[in-house]
Amino acid sequence: MSSARSKFEEIGRILRAHQRFAVMSHVRPDGDALGSQLALSLSLQQLGKDVRVWNEEGMLEKYSFLPRAELVTKPPSTPEDFDCAIALDTAIQNRLGTALGAVRSAKIWINIDHHPSNPGYGDVIHVDPDAPATAEIIFRLIKSQSLPFNRDIAENLYAAISTDTGSFQYPKTSAHTFEIAAELIRAGLDVGRLNQQLYENYPRRRLELLRELLRTMRFEHGDRVASVSLSLKTSAGLGVLPEDNEGLIDHLRAVRGVIVAVFFEELADGKVRVSMRSKSEVVDVSAICQKFGGGGHTLAAGARVPGTLAEVEKKVMEKIGNVLESHS
Ligand code: 5GP
Ligand code: MN
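*Asks:* Would you mind going over helix α8 (residues 204-215) with me for this structure?
*Replies:* Helical periodicity: at 3.6 residues per turn, an α-helix aligns residues three or four positions apart in one direction. Compared with the 16 Å implied by 1.5 Å per residue over 12 residues, the 18 Å span of α8 between its first and last C-alpha is a close match. Residues R205, R206, L209, L210 and L213 constitute the buried set of α8. What you see down the axis of α8 is that its buried residues fit within an arc of 150 degrees, all on one side. Exposed side of α8, more than 90 degrees from the buried face: R204, L207 and R215 are the residues found there. Among the structural elements, β8 (225-230), α9 (232-238), α10 (250-253) and β9 (260-266) are those in contact with the buried residues of α8.

Structure follows, in structure tokens:
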């Protein structure tokens, strides 16, 4: 705990001492990536800093209701120089995608994350694998260092924590997480409205996508592994965006007896995006995904694997089967 405090003090000093910042997060951003970026950037702006808020995909349509969402832009094609570059929620530096290439130079790289697989790149590293969301770390940083805080920042942090904890359900959700949520609500945010924007405002095509995915549903390895697949043809036919499938895998994990849920998504670059969820600490899906060059958390991980849908499905399912057998 005291080492976290001194790390926050070090980061706080760096933030106050410099002027030009790039605040970035991972490709295929989720609520935690974008909410954490916006929260920290708004706090830095209030301190009078110049801040670029970059994500390879820019702001997603589904999170465009977040306060000051317009600050998140795609990185420019001409690289820029910074005093300080900050990677948030990004397990390996390459997952910053084109944002990484847009930083020509930075005197200091800060790495703030909660992925256990983060190898600790950068000059100042604060990786807390016990944090259920990167936004929880950002909240602690802001509060411990008396950085600017307001309702817009609170809403971004709440959205980030809510989405990364599966609405305060996943095992890393702690008493402290609820205490933070209470403080964020006290900052004046409207929980009902925010939850509607987060969870009751999906485009119809997301449900149409779910219908197609359920047609591909398979149960294997004694019904302990459930999977679905999305081909390029199906996603083009439905006109779905990559962001539309976030969370659909939870339908598989929610089935009694299922330990591992897998989502296979064919990508245009000849790879398959594999998204994995586990219901048991005994089956570490991050370890499985690392065997395929990916990473993540014990219970939620992913990888991009070269090959056709059928090839990748076969390889990945075999590996999961081996892991299950070694534990049964
Ligand atoms: P999702 O399945 O929601 O895309 O990702 C689940 C978790 O695994 C996230 O925390 C994400 O950062 C991580 N993850 C997903 N894909 C990859 C990948 O290709 N490489 C690495 N290192 N981590 C990934
Ligand atoms: Mn996260």
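*Asks:* Any chance you could explain the coordination of the manganese ion (ligand 2) here in plain terms?
*Replies:* Ideal geometry at a metal centre gives angles of 109.5 degrees when four donors are arranged tetrahedrally and 90 or 180 degrees when six donors are arranged octahedrally. Donor atoms from the polypeptide that bind the manganese ion (ligand 2) are D32 (OD), D89 (OD), H114 (NE2) and D164 (OD), placed at 2.2 to 2.3 Å. All donors to the manganese ion (ligand 2) come from one chain, and their sequence spacing reads D-x56-D-x24-H-x49-D. Residue D32 is found in helix α2 (residues 31-46), and its partner D164 is found in helix α5 (residues 151-164); the two are separated by 132 residues along the sequence. Per residue, the accessibility class of D32 equals that of D164, and both read buried.

Conventions we followed
- Here, residues in each chain are numbered from 1, in the same order as that chain's written sequence.
- Each chain gets a letter, beginning with A, and each ligand a number, beginning with 1, in the order they are written.
- pLDDT decides what is reported in this predicted model: residues at 70 or higher carry local features, side-chain atom pairs at 80 or more are listed and counted, and totals for whole chains, interfaces and linings draw on all residues regardless.
- Heavy atoms from the whole structure form the basis of all side-chain values; hydrogens and water molecules are not counted.
- Numbering of helices and strands runs from the N terminus, with a helix taken as a DSSP run of H or I at least four residues long and a strand as a DSSP run of E at least two residues long.
- One less than the number of residues in a helix, times 1.5 Å, gives the span that helix is expected to have.
- Each residue is placed in one exposure class: buried if its accessible area under a 1.4 Å probe, protein chains only, is under 20% of its type's maximum, exposed if it is over 50%, and partly exposed if it falls in between.
- When we speak of the arc, we mean the arc of directions from the helix axis to the C-beta atoms.
- Pairs of residues are marked as contacts when any of their non-hydrogen atoms sit within 4.5 Å.
- A donor here means any N, O or S atom no more than 2.8 Å from the metal (3.2 Å for Na, K and Ca); water is not included, so a site may seem to lack partners.

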